[in-house]
Amino acid sequence: MKTAVPLNIDEKISLPKSLSLGAQHVLAMDLYIVPIILAGLLSLSVGDTSALIQMTFIVAGLCTIIQSGFLLKLPVMQGPSYIPIGAIAAIGKSLGMGAVYGAMIPVAIFVALLGRPMNLFSRLVKTFVPPIVGGTVIIVVGISLLPVAFNGIYTTDRPAENILIAMASMFSLSAFILLGCFIKQLHWLRLASVLGAILVGTLVAATMGMADFSAVSDAAWIQLPTLLPFGELVFDPLAILTMLFVAMIVLVETTGTWCAVTAVTGTDLEDDRLNRGATGEAAGQFICSLLGGSPVTGYSTNAGIIAVTGVASRRAIIAGGFILLVLGLVPKLTSLIASVPHAVIAGIFAVICVVIAMNGFRVVQNIQLSERNMLVIGLPIMLALGAVLMPRELIYALPELVGYLANSGIAIGALAAVILNFILPEDAVQEAEA
């Protein structure tokens, strides 16, 4: 899967440039959303909620450094996935958070064995995730996340103001990208486009009285992580099986993210890289089980950032990992990011979702659109949107396992693409046409 203009993932950019680009990747990630949702579902105390957010940042930072620097070696940030939310909430309520984190250790061992030691993961991907599936998953990722972005704009007491703030963020991001692309002297604007859009959107929000940074002054400066912050690990067989199933879905999702990044950068997703990436995912599960936080995986948003800035250096991503680590150790800085008006992030997020989806179309553009292939590409998009738009009360009424899947349009779409491509073999269609 190649892009028209390959980008150098091993480009040796300067430390200031790495930090500024890494900061943009971090700011475009809504890392605090998943732990906040989990804390609400689990009715955690304020202290436990704060610990969950802090540990999520630390785990994401460590796993980003491990994946991008040593194992996967692609410019992929690690962040919390939405897919495990339902499973974690269900297990946490019935068995406690110790059972959630205890289940992650055997799951991590299994996923690690699929990776480097046994080199099975690449075979599974080559069999079940060819370019038509990988490209479809990328499209599904972009389209499925768009409603999330717009819900962040509309669901508020002041929707009109939120729309104006989001539009300011969208237009400023688009303007900075275009100016940076078309005017050579303003190339730096493209590199700083996300930061600039956040600044413009926040200033617009401030003029409307919708920017509140009071929580920053109340937050502590330094807070070190602790092992097993939610108590001793519990190894429950049902919890382990549930988390193992969820982990397999997350692996499909993250493979789509890796496909998105390789499509943007023009990098090969070879077997060795796939197996190392699976081992990196396992390392993330293991670290999360010890430190707490929300399980992390490859973050699709950052593929859009790479396409927007035109810089794919792993140094920027590794710098982003260190920034996440520092933020996790300094709650005051975490509070600063969390205080950026949500409409600002949602507006920028919407543009990035479009960029991600367009890169998916780039992957499938050379695939012959026979009736069979149109179904393989189109039906997963339809099912993903159906899951995203499904009313919450209907999801809660579904059987538990189905509810886990329905919580993620990406998981539904990815599974549908894999299954449809597998059960509708090209040869069978060609024979029928013949």
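The protein chain goes by Purine/pyrimidine permease in an unreviewed UniProt entry, where it is assigned to Enterovibrio qingdaonensis. On record in UniProt, under Subcellular location (unreviewed entry), the comment for the protein chain is "Membrane". UniProt, in its Sequence similarities (unreviewed entry) section for the protein chain, records the words "Belongs to the nucleobase:cation symporter-2 (NCS2) (TC 2.A.40) family."

(A) The overall build of the protein chain, seen in detail. The helix and strand inventory of the protein chain stands at 22 helices and two strands. In the protein chain, which comprises 434 residues, the proportion classed as buried is 56%. Nonlocal contacts in the protein chain, meaning residues at least 24 apart in sequence, comprise 86% of its contacts between residues at least 6 apart. Total accessible area on the protein chain stands at roughly 17,900 Å², and carbon and sulfur atoms take up 69% of it. Averaging the locations of the 19 positively and 23 negatively charged side chains of the protein chain gives two centres separated by 12 Å.

(B) Broad picture of the pattern of salt bridges. Under the defined criterion, the tally for this structure stands at six salt bridges. As a salt-bridge pair, R273 and E270 come within 3.3 Å of each other at their nearest N and O atoms. With relative accessibility at 9%, the residue R273 sits in the buried group. Through salt bridges with shared partners, one network takes in R116, D272 and R276.

(C) Seen up close, the nonpolar core. Ranked by internal contacts, the top residues of the largest apolar core, which has 120 residues, are F121, L173, I198, M243, W258 and I348. Once residues within four sequence positions are removed from consideration, I348 is found in contact with S169, L173, V194, A197 and I198.

(D) Region of the structure containing the side chain of S289. Mapped onto the fold, S289 is located in helix α13 (residues 271–291). In this structure S289 comes out as buried when scored by relative accessible area, which is 1%. Discounting residues that sit within four places of it in the chain, S289 has contacts with Y101, M104, I105, L228 and L233.

(E) Highlighting helix α1 (residues 15–27). When the terminal C-alpha atoms of α1 are compared, their 18 Å separation across 13 residues agrees well with the 18 Å that a helix rising 1.5 Å per residue should span. Inspection of α1 places S18, L21, G22, Q24, H25, V26 and L27 among the buried residues, and these make up the whole buried set.

(F) Geometry of the packing of helix α7 (residues 131–154) against helix α21 (residues 409–423). In contact at an axis separation of 9 Å, α7 and α21 are set at 160 degrees when each is read in the N-to-C sense. If you check the angle between α7 and α21, you find them roughly antiparallel. For the pair α7 and α21, the sense of crossing is right-handed. Here I132, V133, T136, V137, V140, V141, S144 and L145 of α7 lie close against α21, whose contacting residues are G409, I410, G413, A414, A417, V418 and N421. When grouped by side-chain class, the residues that make up the contact of α7 with α21 number 10 nonpolar, five polar and no charged.

(G) Geometry of a nonpolar patch on the surface. A contiguous nonpolar surface patch, about 460 Å² in accessible area, is contributed by F150, Y154, I163, M167 and F171. Of all elements in the fold, only α7 and α8 (159–182) reach the threshold of two or more residues within the nonpolar patch. By relative accessible area, M167 is classed as partly exposed at 33%.

(H) Spatial organisation of helix α17 (residues 342–364). In a regular helix each residue adds 1.5 Å, so 23 residues correspond to 33 Å; α17 covers 33 Å between its end C-alpha atoms and thus fits that length. For α17, the buried fraction is high: 18 of the 23 residues fall into the buried class.

(I) Here's a closer look at the environment of M77. Assignment of secondary structure puts M77 in the loop between α3 (46–69) and β1 (78–80). With 172 residues separating them along the chain, M77 and I249 place their C-alpha atoms 19 Å apart. Beyond its immediate sequence surroundings of up to four residues, M77 is in contact with H25, V26, M29, T64, T297, G298, Y299, N302, I317, G320, G321 and L324.

(J) Just the packing of aromatic side chains, in detail. If you walk through the whole model with that rule in mind, you get four aromatic pairs. For the pair F121 and W258, a centre-to-centre distance of 6.2 Å together with 80 degrees between the ring planes defines the contact as edge-to-face. Taken as a pair, F121 in helix α6 (residues 121–128) and W258 in helix α12 (residues 237–265) lie far apart in primary sequence, 137 residues in all. Each member of the pair, F121 together with W258, is buried. Plain terms: the ring middles of F128 and F422 are 5.3 Å apart, the flat faces sit at 40 degrees to each other, and that makes the pair tilted.

(K) Looking closely at the confidence of the model for the protein chain. Put simply, the protein chain has an average pLDDT of 83, and 92% of its residues get 70 or more. Low confidence marks residues 428–434, where pLDDT is under 50. Its contacts with residues over four positions away, or in another chain, come to two contacts.

What counts, and at which threshold
- Residues numbered from 1 in each chain as written.
- Predicted model: local features only at pLDDT ≥ 70, side-chain atom pairs only at ≥ 80, totals over all residues.
- Heavy atoms only, no water.
- UniProt positions renumbered as here; feature names shortened; annotations may be inferred.
- Helix = DSSP H or I, 4+ residues; strand = E, 2+ residues; numbered from the N terminus.
- Buried < 20%, exposed > 50% of the residue type's maximum accessible area, 1.4 Å probe, protein only.
- Contact = heavy atoms within 4.5 Å.
- Areas by Shrake-Rupley, 256 points an atom, 1.4 Å probe, with all protein chains shown as cover.
- Lys, Arg positive; Asp, Glu negative; His and termini not counted.
- Charge placed at Lys NZ, Arg CZ, Asp CG, Glu CD.
- Salt bridge = Lys/Arg side-chain N within 4 Å of Asp/Glu carboxyl O.
- Core = buried A, V, L, I, M, F, W, Y, C linked by side-chain atoms within 4.5 Å.
- Expected span 1.5 Å × (residues − 1).
- Axes fitted to C-alpha atoms, helices over the stretch in contact; angles between N-to-C directions.
- Parallel < 35°, antiparallel > 145°, perpendicular 65-115°, else oblique.
- Left-handed = near helix turned anticlockwise from the far one by under 90°.
- Nonpolar A, V, L, I, M, F, W, Y, C, P; charged D, E, K, R; others polar.
- Patch = residues over 30% accessible without salt bridge, like charges linked within 9 Å, V, L, I, M, F, W, Y side chains within 5 Å.
- Phe/Tyr/Trp six-rings, centres within 6.5 Å; stacked < 30°, edge-to-face > 60°.
- pLDDT = per-residue confidence, 0-100.

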